[in-house]
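# Report on the structure
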Amino acid sequence: MSNLHEECGIFGIYSPENTDLAHTTYYGLFALQHRGQESCGIVVNNGGKFSSYKDSGIVDDVFTPAILEKLGEGNMALGHVRYGTASSKDRSEAQPMIINHIKGKMAVAHNGSLVNAKELREDLEMHGSIFHTNSDAEVISYVITKERLKSNSIVEAISRTMDVLEGAFSVVVMTPSRMIALRDKHGFRPLCYGKTHDGLYVVASESCALDSVGAELIRELKPGEIIYFDNEGVHCIDDHCGKEKPSMCVFEYIYFARPDSVIDGCSVHNARVRAGAFLALEHPVQADIVIGVPDSGIDAAIGYARQSGIPYGVGLLKNKYIGRTFIAPSQKTREDKVRIKLNPIADVIKGKRVVLIDDSIVRGTTCERIVKLIREAGATEVHMRVSAPPFLNPCYYGTDIDSRDNLIACHHTVEEIEKIIGVDSLGYLSVDHVGLIAGAADSTAFCKACFDGKYPTHEPTNAKE
């Protein structure tokens, strides 16, 4: 996987009584760290008093034991891990965002990207709003605040906000007395909730975060659904459901989500294994071993090996102590970055015809370096198989897929890419099959716009070319 950035991750928890939720939220964010490593934050609610801390960096670096202790106990907490797809990397962009206004205060955490953010921001500014960040979370916060001034409750205000926002948004809002979760009418981004054995409600971007704190998954929020938790339990509002065709981002299954998560009833691991099996059917080859690029290519490699009958092997070792945020100190050492993160196991590869499985090719530069490592380890042939179709279009819904200028598949044929990255053959998963990997009866119930250009919404006015 190269040159694609993670989504954001949200974790919220509601307790009937005050308890140590800061550490619980820390564990939940740790499980969602793969979705964003740029910044993170936690807000704890103790009877309407919000204690918060956020900073740039990963969860384990930002939240020391002393900081978690200082956040104190509460009956609600909201956490967020972030990768900014369009905003700056300034600490001020970290979430959750806290808003104080005449109707009360709230904390907001968001995952996704609005296609009408520019228009909303301009309208809000013309009516006196002053923005301090470039994030959509601030836009959403101000829209909710605006609607709250003419609504009887925060829940009604959020329902009104659902009619104003366009694009991808999975959001959790924490007020002094309620925790409210909402998912856009297309359901682009995942959001689920569950319950612990001692009665705490948990809402998160992925079910793996529920597992990490001992919560049992109840279900995914439906597209357009609002749910909220208070001292009477959980409440569901489906007034906005069924208004749009579901368009879950299929790339959640291919790359973003953790393989141990379940999204909309489908195991992410199983979806990736199916993708590998489809690849074997579409692009068979005579070879001696199948290996996956860790970590995101491994499940698909297992599927390819099972379907093809070619043995699966561990041919690349990933350094577990270097995350996705590892930065090469200079342009000159960019190739060394790949060598530090990945190392081939020569005894597995030497003298073999290798099928190399990865989840995508974006610019092709990282892929080229990995292939070079495999060649240097003694592979006689390298056949690249990709568990996603070629990227041909930018994403407007929260995935940082670059403009068409930097997408290698927009400018080169498969045969040309084979030569550029140095493989004997190259095969992509077809668009027809990518919609089937999640096992859904309706393969069109996914957003595949980055592959086929069929956007479920209008494109934003500042769209990338």
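Heads up: the structure comes first, above all this text.
Overview of the structure. (Residues numbered from 1 in each chain as written. Predicted model: local features only at pLDDT ≥ 70, side-chain atom pairs only at ≥ 80, totals over all residues. Heavy atoms only, no water.)

### A few points about the overall build of the chain
- Within the chain, the secondary structure is distributed over 16 helices and 23 strands.
- The buried share of the chain, reckoned over its 465 residues, is 58%.
- Total accessible area on the chain is roughly 18,600 Å²; 49% of this is exposed by carbon and sulfur atoms.
- Both charge centroids of the chain, one from 49 positive and one from 61 negative side chains, sit 2 Å from each other. (Helix = DSSP H or I, 4+ residues; strand = E, 2+ residues; numbered from the N terminus. Buried < 20%, exposed > 50% of the residue type's maximum accessible area, 1.4 Å probe, protein only. Areas by Shrake-Rupley, 256 points an atom, 1.4 Å probe, with all protein chains shown as cover. Lys, Arg positive; Asp, Glu negative; His and termini not counted. Charge placed at Lys NZ, Arg CZ, Asp CG, Glu CD.)

### Observations regarding empty space enclosed by the protein
- All told, the structure shown has 1 cavity of 30 Å³ or more when counted by the stated rule.
- Space inside the largest cavity adds up to approximately 80 Å³.
- Taken together, 14 residues form the lining of the largest cavity, with Cys249, Cys395, Tyr397, Cys447 and Cys450 sitting closest to its centre.
- Taken together, the residues of the lining of the largest cavity break down into 11 nonpolar, 1 polar and 2 charged. (1 Å grid on protein atoms, 1.4 Å probe; cavity = no way out; pocket = protein on both sides within 12 Å on 5 of 7 lines; lining within 4 Å. Points joined across faces, edges and corners; volume = space filled by probe spheres on them. Nonpolar A, V, L, I, M, F, W, Y, C, P; charged D, E, K, R; others polar.)

### Here we look at the sheet that holds strand S1 (residues 9-19)
- If you walk across this open sheet you meet the 7 strands as S3-S2-S4-S1-S10-S9-S11, and the pairing is antiparallel. Each edge of the sheet is formed by a strand with only one pairing partner; in this case those strands are strand S3 (49-56) and strand S11 (215-220). This sheet shows a mean twist of 15° between the axes of neighbouring strands, independent of strand direction.
- With 4 bridges connecting them, strand S9 (residues 192-196) and strand S10 (residues 201-204) associate as antiparallel partners. Bridge pairing in S10 links Tyr193 to Val203.
- Of the strands in this sheet, S1, strand S2 (39-46) and strand S4 (74-82) are in contact with helix H1 (residues 21-31), which crosses S4 at around 25°. (Pairing = 2+ DSSP bridges. Axes fitted to C-alpha atoms, helices over the stretch in contact; angles between N-to-C directions. Contact = heavy atoms within 4.5 Å.)

### Things to note about the packing of helix H4 (residues 117-126) against helix H5 (residues 136-148)
- At a minimum axis distance of 10 Å, the contact between H4 and H5 shows a crossing angle of 50°. Taken as axis vectors, H4 and H5 run oblique relative to one another. When the axes of H4 and H5 are compared, the crossing they make is left-handed. Contacts from Ala117, Leu120, Arg121, Asp123 and Leu124 in H4 reach Asp136, Val139, Tyr142, Val143 and Lys146 in H5. (Parallel < 35°, antiparallel > 145°, perpendicular 65-115°, else oblique. Left-handed = near helix turned anticlockwise from the far one by under 90°.)

### Looking at the packing of aromatic side chains
- This structure, assessed with the given rule, holds 16 aromatic pairs.
- Here the aromatic rings of Phe188 and Tyr397 are separated by 4.2 Å at their centres, their planes lie at 15°, and the arrangement is stacked. A residue pair is termed long-range when its members are at least 10 positions apart, and Phe188 in the loop between strand S8 (179-183) and S9 and Tyr397 in the loop between strand S21 (381-386) and helix H14 (414-421) qualify at 209 residues. As far as burial versus exposure is concerned, Phe188 and Tyr397 are alike and both buried.
- Look at Tyr396 and Tyr455: their rings are 4.9 Å apart centre to centre, the planes differ by 35°, and that puts the pair in the tilted class. Taken together, the residues Tyr396 in the loop between S21 and H14 and Tyr455 in the segment after helix H16 (449-452) connect sequence positions 59 residues apart. A single burial state applies to Tyr396 and to Tyr455, both of which are buried.
- Through a chain of ring-to-ring contacts, three or more aromatic side chains come together here, namely Phe251, Tyr255, Phe256, Phe391 and Phe451.
- Against the face of Phe50 rests Lys105, its NZ or CZ located 5.1 Å from the ring centre.
- The positively charged end of Arg121 is found above the aromatic ring belonging to Phe131, 4.2 Å away from the centroid. (Phe/Tyr/Trp six-rings, centres within 6.5 Å; stacked < 30°, edge-to-face > 60°. Lys NZ or Arg CZ within 6 Å of the ring centre and 35° of its normal.)

### Remarks on the environment of Ser308
- Within the secondary structure, Ser308 is located in helix H10 (residues 298-308).
- In this structure Ser308 comes out as partly exposed when scored by relative accessible area, which is 32%.
- Considering only alpha carbons, one finds Ser308 and Asp239, 69 residues apart in sequence, at a separation of 47 Å.
- Separated by 2.7 Å, the side chain of Ser308 and the backbone oxygen of Tyr304 make a polar contact. (Polar contact = N/O pair within 3.5 Å; in protein donor to acceptor, adjacent residues only side chain to side chain.)

### A few points about the environment of Arg369
- Inspection of the secondary structure puts Arg369 in helix H13 (residues 365-376).
- Residues Arg369 and Arg339 lie 30 residues apart in sequence; the distance between their C-alpha atoms is 8.6 Å.

### Regarding the environment of Glu122
- Mapped onto the elements, Glu122 comes out in helix H4.
- Overall, Glu122 belongs to the partly exposed group, its relative accessible area being 39%.
- A sequence separation of 155 residues divides Glu122 from Ala277, and the C-alpha atoms of the two residues are 48 Å apart.

### What to know about the nonpolar core
- With 47 residues, the main nonpolar core has Phe251, Tyr253, Ile254, Tyr397 and Phe451 as its most contacted residues.
- In terms of residue count, the dominant contributor to this core is helix H9 (residues 268-282) (6 residues).
- Core analysis: the next-biggest nonpolar cluster, separate from the first, contains 28 residues, Leu29, Ala31, Leu71 and Cys208 among them. (Core = buried A, V, L, I, M, F, W, Y, C linked by side-chain atoms within 4.5 Å.)

### Quick word on the state of the cysteines
- For the structure on display, the rule yields 0 disulfides.
- No disulfide involves Cys236; its sulfur sits 9.3 Å from that of Cys241, the nearest cysteine.
- Overall, the relative accessible area of 44% leaves Cys236 in the partly exposed class.
- Free cysteine Cys395: the closest other cysteine sulfur is in Cys249, separated by 6.1 Å. (Disulfide = S-S within 2.5 Å.)

### Points about the side chain of Asn111
- Position of Asn111 relative to the elements: it lies in strand S6 (residues 104-114).
- A relative accessible area of 0% means that Asn111 is categorised as buried.
- A distance of 3.4 Å separates a polar atom in the side chain of Asn111 from the backbone nitrogen of Cys8.
- With sequence-adjacent residues up to four places away left out, Asn111 is seen in contact with Glu7, Cys8, Ile10, Arg35, Ala168, Phe169, Ser170, Arg189 and Ser205.

### Looking at unusual backbone geometry
- Of note, the amide linkage connecting Gln95 to Pro96 takes the cis form, showing an omega dihedral of 5°.
- Position of Pro96 relative to the elements: it lies in the loop between S4 and strand S5 (97-101).
- Cis geometry marks the peptide bond from Pro294 to Asp295; its omega dihedral reads -5°.
- Of note, Asp295 is situated in the loop between strand S17 (289-292) and H10.
- Positive phi, close to 50°, is recorded for Asp264, a residue that is not glycine.

Any functional reading would require information that these geometric values do not contain.
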